[in-house]
2 protein chains.
Amino acid sequence: MKSHIFSNNILQLFLRGLLAFTIVCCWQLCAFAQDGMQQYPVPQTVSPQLQKFITCTPLLPYWNAHPRTPAEWQKLVDQSAKVMRQKNALLLAKLKVQVATTKLNGVSVQTLIPETVDPEQQGRVLLHIHGGGYVFHPDGTGIDEAIMMAAFSRMRVVSVDYRMPPKYPYPAALDDVFLVYKELLKTYTPKSIGVFGSSTGGGLTLALVLRAKAEGVPLPAAIAPGSPWSDLAKIGDTYFTHAGQDNVLVTYDGWLGEAARLYANGHPLNDPYLSPVYADVTGFPPALLTSGTRDLFLSNTVRMHLKFLQAGVPAELVVFEGMSHVLYQADPDIPEVQFHFELLRKFFVRNFQ
Amino acid sequence: MKSHIFSNNILQLFLRGLLAFTIVCCWQLCAFAQDGMQQYPVPQTVSPQLQKFITCTPLLPYWNAHPRTPAEWQKLVDQSAKVMRQKNALLLAKLKVQVATTKLNGVSVQTLIPETVDPEQQGRVLLHIHGGGYVFHPDGTGIDEAIMMAAFSRMRVVSVDYRMPPKYPYPAALDDVFLVYKELLKTYTPKSIGVFGSSTGGGLTLALVLRAKAEGVPLPAAIAPGSPWSDLAKIGDTYFTHAGQDNVLVTYDGWLGEAARLYANGHPLNDPYLSPVYADVTGFPPALLTSGTRDLFLSNTVRMHLKFLQAGVPAELVVFEGMSHVLYQADPDIPEVQFHFELLRKFFVRNFQ
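Criteria and thresholds
Residues numbered from 1 in each chain as written. Chains lettered and ligands numbered in written order. Predicted model: local features only at pLDDT ≥ 70, side-chain atom pairs only at ≥ 80, totals over all residues. Heavy atoms only, no water. Salt bridge = Lys/Arg side-chain N within 4 Å of Asp/Glu carboxyl O. Helix = DSSP H or I, 4+ residues; strand = E, 2+ residues; numbered from the N terminus. Buried < 20%, exposed > 50% of the residue type's maximum accessible area, 1.4 Å probe, protein only. Axes fitted to C-alpha atoms, helices over the stretch in contact; angles between N-to-C directions. Parallel < 35°, antiparallel > 145°, perpendicular 65-115°, else oblique. Left-handed = near helix turned anticlockwise from the far one by under 90°. Contact = heavy atoms within 4.5 Å. Nonpolar A, V, L, I, M, F, W, Y, C, P; charged D, E, K, R; others polar. Pairing = 2+ DSSP bridges. Phe/Tyr/Trp six-rings, centres within 6.5 Å; stacked < 30°, edge-to-face > 60°. Lys NZ or Arg CZ within 6 Å of the ring centre and 35° of its normal. Expected span 1.5 Å × (residues − 1). pLDDT = per-residue confidence, 0-100.

### Section: the pattern of salt bridges
Stage number 1. Overall, the coordinates contain 28 salt bridges over all chains when judged by the stated rule.
Stage number 2. For Asp280 of chain A, the salt bridge goes to Lys213 of chain A, with nearest N and O atoms at 3.9 Å. Here Asp280 of chain A, found in the loop between helix 8 (255–264) and strand 7 (287–292), pairs with Lys213 of chain A, found in helix 6 (residues 200–214); they are 67 residues apart in sequence, far enough to count as distant.
Stage number 3. Take Asp280 of chain A: its relative accessible area is 49%, and that puts it in the partly exposed class.
Stage number 4. Here Glu183 of chain B ties to Lys186 of chain B by a salt bridge, and the two come within 3.1 Å at their closest N and O atoms.
Stage number 5. Here the salt bridges do not stand alone but share partners, grouping Arg68, Glu258 and Arg261 of chain A into one network.

So, in C-alpha cells, the structure goes:
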C-alpha cells in the first residue's frame, strides 16, 4: 500500500511535470502560428519613432486572408481604403500638400503639389505608382507615399490611379501606367521624369520601363523601385527566411499569394511584365532600390539590384536597419523616413537633365 | 474493477499520446539547439555551385565554443589554420598566384602576385586585412580572399599578418595594419592604394582609415569592407533575426562574442576603433560594402552603409541573395564569387587616380 501511494505520487509528479512541459512546448510552437510573427528584440539601433512601428503596429487584419470571390476581396479593399483615406487626409494637412484629381490619357491621376515647388525642379515631374498587391488602394487612396515625396522633395508628383482586379487583371494596371507616362512625355522631356513606387508600385515601375523599352518609347531619367515585387511567385530566399519577421507582409502564404494569382489571371508568374526580375534590363535608367533587414521582399530587392549590376545598369541599394516591408514610408515623423525621402530626392535631382 | 481497468486504459492512452506529443515538441524545440541552424529551403535563385555551400557545408566545429584559456584558444586556432593552409595551397596553384612573405615596417606581410598584372594597374596596390574574429588565421593563413582578389583583379595584393590575442589584444592588430599602410605610402601615392577585407578585416579596414584620419595620414583611394564587424557588441537587428540562418557564423553567442571580448581586452566595445559604426566617418574615401540575405552581419553592414550615406560619403552596398557571412569568397568556382571580385575590381579601378 505504501509503495502504491509512493508510485502514485511519483506518477502525479511526473504527469504534472509532463503537462507543464507540454504547455511550454505548445506555447513555443504556437507563438508563430498564433499571430504570424516570430519574436525578436526591438532593435535599439533605430530611432525611437521607428521602434514604435516595429513593436506596436498590429498586423494587418487580413494578413492571412484567402478571399475567394470578388465580394470577399471588395470587403478587404474597402476596409483598407477607409484607413488610407484618413491617413492621406492627415498627411495632406500636416505636410501642406495640395491634391487634384484629373485624367491623363483617359486614366485617373492624383497630382500632388507641395506648398513650395523647388525652383530648380520646375519643369520636372515624379510619376508615382502605388503599392497594395495589385488589389488594394483604389480611387486614389494609395497616395500616402506620393504626398510624402511631394513634401520632402518639393517636386510635383503625379500618382496613377490604375485599374485593378478582380475586375481588371493584368495587363490593365500596366496599360494605365503606360498611358499616363506617354501623356507626361508630351509635357516633359524624358530626362525630366522620374518614376517611383513601392512594392507593387516598384514592380510596376520596372514593368513600365520594360514596356517603354519594348515599344521604343524614351525612358525616364531615373527610377526608384522601393522593395519591388520583382518575383510574383514565392521564389526568393527571404520569402522563407523573413516570414514571420516582417510585421507588414508577414508571409507570402496569406492574401499576398492570392493577390499575385488574381492579378496574373492565368498568365505565367515568371512573365517579365509580371516578375521583372526575369526581364532583360539592359539599357535601363539609373535605379535606386530600397529595402529593410526584416523585409519579406529583401530578396525581391537584392535579386533585382544584382540583375541591374550584371547588366551594367547604375543601380544603388539601400537597406534600412530593422525595417519590415516599406516601413521607410510609414510615417513622416520617423527620422529614417525623412532620410529615405531625402535620399530619393537627391537621387532624382542627380539624374535629371 | 472494470471501471478501474477502463480508467487505466484511458490513462495509458493519454500518457502515450502525451509522450508522443512531447517527443515531437522536443524535436521541434531542439532543432535549433541541436546544430544551431533553423531549417529553410535552399534558394533556387542562386547558382548550383552556391547552393552547395548553403546546404552541404558543415558548421564550423567551434561555432559554439567558449574557450577560457590561451591554450583552449590555441587549439581552435591551430585546427582552423590547418584547414586554411590546405585551402590556400590549392587556391595559389589553381589561380596561378605567387606568394612572398616579407616584412614591412617590422610587420609580417604576404605579397600576392597574379600571373599577369594588369598593365593599367601597375603602380597600384591593394592592401588586404584578413578576417577571423581577431583570433584566427595567424602566420599568413588568412590569405584566401587575398589570393582570389589578386587573381580576379590582376593586381598586386599585400596582406597583413597582424598580431592577435590572447597574447596581443587591441590595439596590436590595428597598430600593425597602420604600420604597413604607412610603409606602402612610401612607395605608392594614397590614391593608388585600395584597402579591403572581410568581417574582422572589414572592421579593421574601417578602423585603419579612422586612425589615418586622426593622425593626419593621407587616406587611401577607396575601401571595400566586406560584411564588416562594425559593432563588436551584440547590437544590431540581424544578430538576432539571422541567428541560426547564417551557416558560417551561426550566432554571436558562441566563439564570436568571446573573441570580441578577448580582443577588446577591457576596452569599451563601443570605442570607434573597435566598433567603427560609432565613428565619425566624415571625409572617408568611397566605400563598397557587401553582405548577404542570411548574413549575421547584415545589420553590421547596412548600419555602416547608412552611416556613410548620412555623412555624405559615396558608399555602395551589395547584398547577395541567399548568402551567409562572407560566402562571396567561399570558392572561386562559384559564379557569384567571381562576380563579387569583378565588382571589387571595377570599384577600385574606378576610384584609383
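### Comments concerning the packing of helix 4 (residues 144–153) of chain B against helix 10 (residues 335–351) of chain B
Residue and element names in this part refer to chain B.
Stage number 1. In contact at an axis separation of 9 Å, helix 4 and helix 10 are set at 70 degrees when each is read in the N-to-C sense. The angle between helix 4 and helix 10 falls in the class roughly perpendicular. Like other packed secondary-structure pairs, helix 4 and helix 10 cross with a definite hand, here right-handed. Only Val337, Gln338, Phe341, Leu344, Arg345 and Phe348 of helix 10 make contact with helix 4, whose side of the interface consists of Glu145, Met148, Met149, Phe152 and Ser153.
Stage number 2. In the contact of helix 4 with helix 10, the residues fall into seven nonpolar, two polar and two charged.

### Concerning the pairing of strand 5 (residues 193–198) of chain A
Residues and elements named next belong to chain A.
Stage number 1. Where burial is concerned, most of strand 5 is hidden: six out of the six residues are buried.
Stage number 2. Residues Ile193, Val195 and Gly197 of strand 5 are buried on one face, and the alternating residues Gly194, Phe196 and Ser198, pointing to the opposite face, are buried as well.
Stage number 3. Pairing of strand 3 (residues 125–129) with strand 5 involves four bridges; the strand directions are parallel. Within strand 5, the position partnered with Val125 by the bridge is Ile193.
Stage number 4. The pairing of strand 5 with strand 6 (residues 222–226) spans five bridges and is classified as parallel.

### Quick word on the environment of Tyr62 of chain A
Residues and elements named next belong to chain A.
Stage number 1. With respect to the helices and strands, Tyr62 occurs in the loop between helix 2 (48–55) and helix 3 (70–95).
Stage number 2. As a C-alpha pair, Tyr62 and Pro190 span 128 residues in sequence and 39 Å in three-dimensional space.
Stage number 3. Discounting residues that sit within four places of it in the chain, Tyr62 has contacts with Leu76, Ser80, Phe136 and Trp255.

### So, the packing of aromatic side chains
Residue and element names in this part refer to chain A.
Stage number 1. According to the stated counting rule, one finds 28 aromatic pairs over all chains in the structure shown.
Stage number 2. Centroid distance Phe152 to Phe341: 5.5 Å. Interplanar angle 20 degrees. Geometry classified as stacked. On the criterion of sequence distance, the pair formed by Phe152 in helix 4 (residues 144–153) and Phe341 in helix 10 (residues 335–351) is long-range, its members being 189 residues apart.
Stage number 3. Take Phe341: its relative accessible area is 0%, and that puts it in the buried class.
Stage number 4. Through a chain of ring-to-ring contacts, the aromatic side chains of Tyr134, Tyr170, Trp229, Tyr239, Tyr252, Tyr263 and Phe297 assemble into a single cluster.
Stage number 5. The ring of Tyr168 has Arg163 lying over it, and the distance from NZ or CZ to the ring centre is 5.2 Å.

### Thoughts on helix 10 of chain B
Stage number 1. Between its terminal C-alpha atoms helix 10 of chain B stretches 24 Å, which fits the 24 Å expected from 17 residues at 1.5 Å a residue.
Stage number 2. Within helix 10 of chain B the residues assigned to the buried category are Glu336, Val337, Phe339, His340, Phe341, Leu343, Leu344, Arg345, Phe347, Phe348 and Asn351 of chain B.

### A word on the confidence of the model for chain A
Close inspection of predicted coordinates is inappropriate for parts of the model with low pLDDT.
Stage number 1. With 90% of its residues at a pLDDT of at least 70, chain A reaches an overall mean of 93.
Stage number 2. Interface confidence for the predicted complex, expressed as ipTM, amounts to 0.90; the pTM equals 0.91.

### Here we look at the sheet that holds strand 3 of chain A
Residue and element names in this part refer to chain A.
Stage number 1. Here we have eight strands laid out as an open sheet, ordered 1-2-4-3-5-6-7-8, and mixed in their pairing. Strand pairing shows two members of the sheet lacking a second neighbour, strand 1 (97–104) and strand 8 (315–320), which therefore form its edges. Ignoring which end each strand starts from, the neighbouring axes of this sheet average 20 degrees apart.
Stage number 2. Running over the sheet, helix 10 touches strand 3, strand 5, strand 6, strand 7 and strand 8 and is turned about 155 degrees from strand 6.

### A short note on the packing of helix 5 (residues 172–184) of chain B against helix 6 (residues 200–214) of chain B
All names here are of chain B.
Stage number 1. The contact between helix 5 and helix 6 brings their axes to 10 Å, and the two run at 65 degrees. As judged from the angle between their axes, helix 5 and helix 6 are roughly perpendicular. Where helix 5 crosses over helix 6, the two elements pack in a sense that is right-handed. On helix 6, the residues that touch Ala173, Leu174, Asp175, Val177, Phe178 and Tyr181 of helix 5 are Leu204, Ala207, Leu208, Arg211 and Ala212.
Stage number 2. Looking at the contact of helix 5 with helix 6 residue by residue, the class counts come to nine nonpolar, no polar and two charged.

### Re the pairing of strand 4 (residues 157–160) of chain A
Residue and element names in this part refer to chain A.
Stage number 1. Residues Val157 and Ser159 line one face of strand 4 and the alternating positions Val158 and Val160 line the opposite face, and both faces are buried.
Stage number 2. Both strand 3 and strand 4 contribute to a ladder of four bridges, which runs parallel. Residue pairing for strand 4: His128 is matched across the bridge by Ser159.

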